[in-house]
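Architecture at a glance
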Amino acid sequence: MKTYDVTALGELLIDFTENGVSAQGNPLLEANPGGAPCNVLAMLNCLSKKTAFIGKIGEDIFGKQLMKALQDVGIETRGLKKSRDVRTTLAFVHTLEDGDREFSFYRNPGADMALEEEDLDETLIKDSRIFHYGSLSMTHEGCRLATRRAIDMAGESGAVLSFDPNLRESLWGSLEDAREQILYGMAHCQILKISDNEIQWLTGEADFDRGIDWIRERFRIPLILLSMGKEGSRAYTESLRVECPAFVQEKTVETTGAGDTFCACILNYALEALLPGEGPEEAAESGKFFEESCRACTEEQLREMLRFANAAASIVTTRKGALRVMPKREEVEAFLAEKENR
């Protein structure tokens, strides 16, 4: 039996988010633990899944804070390495009036991009039912090689691979490089979570369905999720397209972590409804089983999956930060019940 439900690889950093102003009128910044892969894992832990993280932090005060944050929320940290030479990556997040964000990264270099192949814990990767990755661990050669090796290890072990491009344009030397690496990520995944702006940028298609067709013409991905912010989300399988509206909140403070929360709920549904048992024979065939399960999915099942994921993401938009404030299953279910009773 595999020990971990989901192992993720990628960036772990400090998000400095605005939290009021000082007496002198200067913005006050709160040091929140962040990074998309770990946000995903934190939500999965709130859904009673066992998770692990692979990445790199600096041997500094922020690295210590991040290590403790992961341990506090129950994420396995034996795959988290420390760099003596490079400091922990920092991001400064400016929240716009509509709750969206602008990022300024301090990452050239940053510890997360110092991850190398020799840092990988092979047993951890192979002991996971789902392996989740993004594109930020492919911005530079060393961490790119490590990511590709981890993808190979996970695939060889029979894990289902999940990819969220999470494009941050300022972190790439060129958008052509970003495009190349994101296409590589798509070529190896069975679950793709992509946002509205990412699919338009990648495919050049203003219409989302045509953008999905563009992806499907190139890659055989059994389950594609499209997040559209306030417009809701869509799920695409080989034969189905299902859309679910968002739960728009009047008390939204920021959207940090909303997409990661959504992604985690999709992975949770895959674990509970679309993957086989955890024995060695089942694990070896999990990719094939997952593909068949997606093909057999009904519109009702996909809508149920999206509705829960949209609800959880909506709750997170009312809270500052992400990793430490993910909702429990009971809270999401209560939120949905309240909506149904109105």
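Residues numbered from 1 in each chain as written. Predicted model: local features only at pLDDT ≥ 70, side-chain atom pairs only at ≥ 80, totals over all residues. Heavy atoms only, no water.

Counting secondary structure elements, the protein chain contains 12 helices and 13 strands. The C-alpha radius of gyration computed for the protein chain amounts to 19 Å, which stays within 12% of the reference 20 Å derived for 342 residues, consistent with globular compactness. Summarising its shape, the C-alpha atoms of the protein chain cover approximately 60 × 50 × 40 Å along the three principal directions. Across the protein chain, every contact between residues at least 6 apart in sequence was considered, and the portion connecting residues at least 24 apart equals 72%. Averaging the locations of the 40 positively and 58 negatively charged side chains of the protein chain gives two centres separated by 2 Å. (Helix = DSSP H or I, 4+ residues; strand = E, 2+ residues; numbered from the N terminus. Rg over C-alpha atoms; globule rule 2.2 N^0.38 Å. Contact = heavy atoms within 4.5 Å. Lys, Arg positive; Asp, Glu negative; His and termini not counted. Charge placed at Lys NZ, Arg CZ, Asp CG, Glu CD.)

Moving on to helix 6 (residues 196–203). When helix 6 is considered as a whole, its buried residues turn out to be E198, I199, L202 and T203. Taken around the axis of helix 6, the buried residues stretch over an arc of 105°, which confines them to a single face. Buried residues belonging to helix 6 abut strand 9 (160–164), helix 5 (175–187), strand 10 (191–195), helix 7 (208–218) and strand 11 (223–227). Just beyond helix 6, the residue with positive phi is G204, at close to 75°. (Buried < 20%, exposed > 50% of the residue type's maximum accessible area, 1.4 Å probe, protein only. Arc of directions from axis to C-beta.)

This brings us to the sheet that holds strand 9. Within the open sheet, the 9 strands sit side by side as 5-4-1-8-9-10-11-12-13. Their pairing is mixed. Strands at the two margins of the open sheet, each flanked by one partner only, are strand 5 (76–83) and strand 13 (241–244). Taking each pair of neighbouring strands and ignoring which way they run, the sheet shows an average axis angle of 15°. Where strand 9 and strand 10 come together, 2 bridges link them in parallel fashion. (Pairing = 2+ DSSP bridges. Axes fitted to C-alpha atoms, helices over the stretch in contact; angles between N-to-C directions.)

Attention now goes to the pairing of strand 3 (residues 27–34). Looking at chain direction, strand 2 (residues 13–21) and strand 3 are connected through 7 bridges and run antiparallel. Of the residues in strand 3, the one forming a bridge with F16 is A31.

By volume, the second largest pocket amounts to about 250 Å³. Lining the second largest pocket are 13 residues, with Y269, E304, M305, F308 and L336 positioned closest to its centre. For the lining of the second largest pocket, the secondary-structure elements that each account for two or more residues are helix 8 (258–274), helix 11 (299–316) and helix 12 (329–341). With 5 residues, the top contributor of residues to the lining of the second largest pocket is helix 12. Residues that form the lining of the second largest pocket fall into these classes: 6 nonpolar, 1 polar and 6 charged. (1 Å grid on protein atoms, 1.4 Å probe; cavity = no way out; pocket = protein on both sides within 12 Å on 5 of 7 lines; lining within 4 Å. Points joined across faces, edges and corners; volume = space filled by probe spheres on them. Nonpolar A, V, L, I, M, F, W, Y, C, P; charged D, E, K, R; others polar.)

By the definition in use, this model includes 7 aromatic pairs. Ring plane angle 90° and centroid distance 5.7 Å describe the contact between F16 and F62, whose orientation is recorded as edge-to-face. A residue pair is termed long-range when its members are at least 10 positions apart, and F16 in strand 2 and F62 in helix 2 (residues 61–73) qualify at 46 residues. Judged by its relative accessible area of 22%, F62 is partly exposed. Each ring, one from F131 and one from Y133, has its centre 6.0 Å from the other, and the planes form 25°; the classification is stacked. Like F131, the residue Y133 is buried in the burial classification. Feature note: the residues F16, F62, F92 and Y106 constitute an aromatic cluster, connected by ring pairs. Here the basic side chain of R148 rests over the ring of Y184, its NZ or CZ set 3.7 Å away from the ring centre. (Phe/Tyr/Trp six-rings, centres within 6.5 Å; stacked < 30°, edge-to-face > 60°. Lys NZ or Arg CZ within 6 Å of the ring centre and 35° of its normal.)

What follows deals with empty space enclosed by the protein. Tallying each qualifying case throughout the model produces 2 cavities of 30 Å³ or more. If you add up the space inside the second largest cavity, you get close to 50 Å³. E11, A36, P37, V40, H132, Y133, G134, S135, L136, D164 and N166 together form the lining of the second largest cavity. Contributions of two or more residues to the lining of the second largest cavity are made by helix 1 (36–46) and strand 8 (128–134). Its residues assigned to classes, the lining of the second largest cavity comprises 5 nonpolar, 4 polar and 2 charged.

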